[in-house]
Structures are given as C-alpha cells and as structure tokens.
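Remarks on the overall topology
So the chains spell out like this:
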Amino acid sequence: MSKIAVLGYGVVGSGVVELFYKNKESILKKAGRDADIKYILDIRDFPDSPYRDKFTKDINDIVNDDEVTIVAECMGGATFAYDFVKACLMKGKNVSTSNKELVAKKGAELLAIAKEKNCNFFFEASVGGAIPIIRPLHKCLAANDITYIAGILNGTTNFILDRMINENMDFSDALSMAQKLGYAEKDPTADIEGHDACRKICILSSLITGKHIYPENVYTKGITEISLKDVKFAEKFGAAVKLIASVRKLENGKIIPMVMPMLVPYENLISRVDNVFNAVMVCGDGIDRAMFYGRGAGMLPTASAVLGDVIEQLKTEGNGTDLAQTWVDCDNSEILDDYKESSFRMYFRLAGSDLSAPEGAEIVENGDEIVFVTEKMTISDAEKLEADFTAAGAEVKSKIAVLEI
Ligand code: HSE
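Presented here is a report on the structure given in the accompanying data block. As the structure is a computational prediction, the values presented were derived from the model and not from experiment.

**A few points about the overall build of the protein chain**
When its secondary structure is counted, the protein chain shows 13 helices and 17 strands. For a compact globule of 405 residues, the expected C-alpha radius of gyration is about 22 Å, and the protein chain comes in at 23 Å, within 12% of that figure. For the protein chain, with 405 residues in total, the buried portion stands at 57%. A fraction of 72% describes how many contacts in the protein chain between residues 6 or more apart in sequence connect residues 24 or more apart.

**Focus: the site of the ligand**
The full set of residues close to the ligand is Lys100, Asn154, Gly155, Thr156, Asp191, Asp196, Lys200, Gly296 and Ala297. Lysine 200 places a polar side-chain atom, nitrogen or oxygen, 2.8 Å from an oxygen atom of the ligand. Elements represented by at least two residues in the shell around the ligand include exactly helix 7 (155-167) and helix 10 (195-209). Across the shell around the ligand, the residue classes break down as one nonpolar, four polar and four charged.

**Structural notes on the sheet that holds strand 2 (residues 35-41)**
Pairing within the open sheet is parallel, and its six strands lie in the order 3-2-1-4-5-6. Of all the strands in the sheet, just strand 3 (55-56) and strand 6 (121-122) have a single pairing partner and so form its edges. In this sheet, strand 3 lies alongside strand 2 in parallel orientation, the contact comprising two bridges. Residue pairing in the sheet places leucine 41 in a bridge with threonine 56 of strand 3. Sitting on the sheet, helix 12 (residues 299-316) is in contact with strand 1 (2-7), strand 2, strand 4 (68-73), strand 5 (94-97) and strand 6, with an inclination near 165° to strand 5.

**A word on the pattern of salt bridges**
With the rule as written, the count across this model stands at 29 salt bridges. A salt bridge links glutamate 369 to lysine 397; its shortest N-O distance comes to 3.9 Å. Note that glutamate 369 is positioned in strand 15 (residues 369-373) and lysine 397 in strand 17 (residues 395-402), a separation of 28 residues in sequence. The exposure class assigned to lysine 397 is partly exposed, which follows from its relative accessible area of 37%. Across the salt bridge formed by lysine 399 and glutamate 386, the nearest N and O atoms sit 2.9 Å from each other. With lysine 399 in strand 17 and glutamate 386 in helix 13 (residues 379-391), this pair connects stretches of sequence that are 13 residues apart. Judged by its relative accessible area of 27%, lysine 399 falls in the partly exposed class. Here the salt bridges do not stand alone but share partners, grouping Lys229, Asp230, Arg349, Glu369, Glu395 and Lys397 into one network.

Calculation criteria
Residues numbered from 1 in each chain as written. Predicted model: local features only at pLDDT ≥ 70, side-chain atom pairs only at ≥ 80, totals over all residues. Heavy atoms only, no water. Helix = DSSP H or I, 4+ residues; strand = E, 2+ residues; numbered from the N terminus. Rg over C-alpha atoms; globule rule 2.2 N^0.38 Å. Buried < 20%, exposed > 50% of the residue type's maximum accessible area, 1.4 Å probe, protein only. Contact = heavy atoms within 4.5 Å. Near = heavy atom within 4 Å. Polar contact = N/O pair within 3.5 Å; in protein donor to acceptor, adjacent residues only side chain to side chain. Nonpolar A, V, L, I, M, F, W, Y, C, P; charged D, E, K, R; others polar. Pairing = 2+ DSSP bridges. Axes fitted to C-alpha atoms, helices over the stretch in contact; angles between N-to-C directions. Salt bridge = Lys/Arg side-chain N within 4 Å of Asp/Glu carboxyl O.

In short, shape yes, function no, at least from these values alone.
Structure representation (structure tokens):
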C-alpha cells in the first residue's frame, strides 16, 4: 500500500484530506493501487480532528519514513516549503504541490532533483486552481507548437474588477469585500500587484519553452491604478477591464511573457469570465485555440488538482520521471524579448485643454476628459505618445493596452 503525507493543513491541505476520504474508493480504483494518508504535517494542534492520529509537527517523521512515497505540499511560500520539498525529493519521494511561488522560483532546481532521484515533482494545482492546464499543455496538446497563452490567472483581482464592473464599487471597497469573503489575503499585495499571476504565467512559459522563466524578469503591473472611470469607459468602448497574464512566442524563438490590466473586447470569451473564476486561452499551430475555464482558487477546487497529481503519482509510481513535465535553468536574457516591442491598440484617458486624439484613434469620450483608443502601436511608442501629451500640458490619467480578440 502506498503511503501519502500532506504538508500543511490550511485551506488547501484540509481540502486534500477531505476530498481524499470522501472519494477514496473511486480515487484508488482510478489509481489502480491501494493507498492511504499516513501523515499530516502542521505546527498547530487539531485535537478534535477525525485525523488527529496522523498529525506530526516534525518533517523528519515524513522524510525518514520509507513507506511514504507521495507527498502533497500545500503549505505555500518558498522558505519552509522549499526545504521540505527538497528533502522529500532527495529521498526519492514523489511530490505534488499547489505552491506557485515555490514552482516559479525553484522549479528548475526541484525538477532536476526529481530527475536525478527518479521521482516526480508535479504542480497541476499551481496554475488555475481546479482548471487542468499543466498536464493538457504537455500531454494532450504536446503535438502543437504553442504560440500564445493569455488569460485570467488570479481570482482575487478578477473578483475585484467584477465588483467594479457590475456593482460600481470603487477599487478599495471591492478589495475590502474580497478580504471579507476570504478571497484576498490580509496583505493582498501579491494578488493586486500582479505577482501571483506573474508566477503562474512564468510556470506556463517555462513549460512551453523547457527553460525556467523567473518572475523578476517578467513585466508585471497590477490593478491598483484602475479606476471606476476606466471600467466605465471600457464598457462604453465594448470591453471589460481584466488582469491578463500572457506569453507570446515570437518567430525568432524568443518569448514575451507579461502581466497587466487590459481592455478585453466583449467578442473575446475572456471578457465574460466573472467573479473568482479563471480562464486560459491557449493557441497552437494544430489546435488554433482552446479555452480552459473554472475555479482558480478555493479549498476543494485546488484539492481536486492536487489529488489529480497524487493519482498520477500512484499510477506511475516506480516508472521513473515524467520528462515531458520539466524544464531547465537558463539565462533569461537569451530567451526573453523586449516587452516594449509588443503591439496593442492603446486606451488613453487624458485631462487638459485643447487636446485631440491621434489620427486613426477611436474616440470614446470627448468631455472634461478625452478618452480614445489608438490604432495598434508598440508599448514603447505608446510611452512616447504619453510623454508628448504630458509635454503639451495634458494629464495622462490612464493608459491601458487592448487585448486582441
Ligand atoms: N490568491 C490566488 C488567487 C489564489 O486569487 O487566484 C489561487 O492561486
């Protein structure tokens, strides 16, 4: 019988335990192997838990127990989780994680250890919560050259923008509501500044290139400067403001990953993704495009993805490392192109007198403020245009790229 250890009994870890026992019979049938959870690691006490006999506070109980062959890491962060995952992989234990920070920062190193030790480091739950996206990318869609991925990879910011769009709430009220409902952390920086979405697009970028893309090298802008006015003018233009994480593969073989708020025209399904949901559009030379949609966060949705990995580990235990789900370390300057050379139509909102929109722009509003959407231009040209308007005495209140349909 295979023995499993769950690291962390917070929202995701407790969801993994709950879902495992709820569906144990069918999970084991699908895995084709008998298994049970032997340990749950947490520093807190859970004296009333039905699983109280499984708790340990000492990672060494797990690391040194040869019966444990599968570890589900649900702690989060890249400090203790990194040490513990590394120690488990070094012992040849298969690890599944929901921890995007860990995968985005340490993926290449942990994947290399897994390969050396003939085991697996899986992380389906790290991107898109319940949405299957990691395995489809390197299995079902493996025949494609993946040329573009774009989507909503952060549920908290999508919830905030949704409240702004549908309930006219301003940013700070919508953020407070997200915190009250338990979507946003007390310190919501990683969500609202785009770091969480950045980690996720780095993981997808690393998968499609086979090279580790590090978050600090990726242009990332969050939603803190989005005002209710922008949301409403976007509506008038026929678009929804969304935090979009994307990666484009260029003909020169390089890629441009980026995270920024964008105007998503209503013709694009991504504009309709509301609440805390996530969606990922994948374009490839065989499939044209495919959309993945579902709950991007939460206890059971994330647990579902972690357990999907655990089942895969059970099915393939002893078969060595899955080399399709891997990447290697690399100098990012060799593979990343300059994001400022990406072209988009650009939305501008300006205040000032005697202003006029550039030739070819579509005027959205021409009152106290002038709002327009330009023809396609590079980000670098949009910055020049902004500087020209500022030099002419205008106040540039917003500048947001439009996602191509
Ligand atoms: N904070 C993340 C989000 C949790 O809001 O999407 C899931 O990764």
